[in-house]
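# Secondary and tertiary structure notes
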Amino acid sequence: MIHKLVTAPFDLVIKVGEKIKEEADKELFDLPTIQQKLIQLQMMYELGEIPEEAYTEKEEELLIRYEIAKQRELEQWEELTKKD
């Protein structure tokens, strides 16, 4: 009983941290979000709102995130098909 009272705050902090990481990963590696950001970036560049250097840098970052997201999706799919 005392053990639970002592460790409960730590368990809560761990659970909150895991949830924050999960939400951050979802934002960083969500395919539709990345695709939307790539489209917005392209539009901003074409309208002259950002210089080519900034466009290239951000596009590269988004494409790396896209590759990671696709790889994660593929790994999840493979895990699901192995279970069946």
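Please refer to the structure placed before this passage.
First, a word on what this report is: a plain description of the structure on this page. (Residues numbered from 1 in each chain as written. Predicted model: local features only at pLDDT ≥ 70, side-chain atom pairs only at ≥ 80, totals over all residues. Heavy atoms only, no water.)

## A few points about a nonpolar patch on the surface
There is a patch of nonpolar side chains on the surface, built from L12, V16 and I20 and spanning about 290 Å² of accessible area. Within the element layout of this structure, L12 appears in helix α1 (residues 2–29). (Patch = residues over 30% accessible without salt bridge, like charges linked within 9 Å, V, L, I, M, F, W, Y side chains within 5 Å. Areas by Shrake-Rupley, 256 points an atom, 1.4 Å probe, with all protein chains shown as cover. Salt bridge = Lys/Arg side-chain N within 4 Å of Asp/Glu carboxyl O. Helix = DSSP H or I, 4+ residues; strand = E, 2+ residues; numbered from the N terminus.)

## Here's the deal with the nonpolar core
The biggest cluster of nonpolar side chains holds eight residues, and these are F29, L31, I34, L41, I50, Y55, L62 and A69. Residue contacts for I50: discarding those within four places in its chain leaves L41, M44, Y45 and Y55. (Core = buried A, V, L, I, M, F, W, Y, C linked by side-chain atoms within 4.5 Å. Buried < 20%, exposed > 50% of the residue type's maximum accessible area, 1.4 Å probe, protein only. Contact = heavy atoms within 4.5 Å.)

## Describing helix α2 (residues 31–46)
Given a rise of 1.5 Å per residue, 16 residues ought to cover 22 Å, and the 23 Å separating the end C-alpha atoms of α2 matches this to within 8%. L31, T33, I34 and L41 are the residues of α2 that are buried. End-on view of α2: buried residues confined to an arc of 160°, all on one side of the axis. Facing away from the buried side of α2 by more than 90 degrees, the exposed set consists of P32, I39 and E46. Just past α2, the residue G48 takes up positive phi, approximately 80°. (Expected span 1.5 Å × (residues − 1). Arc of directions from axis to C-beta.)

The values reported here are purely geometric and, on their own, carry no functional implication.
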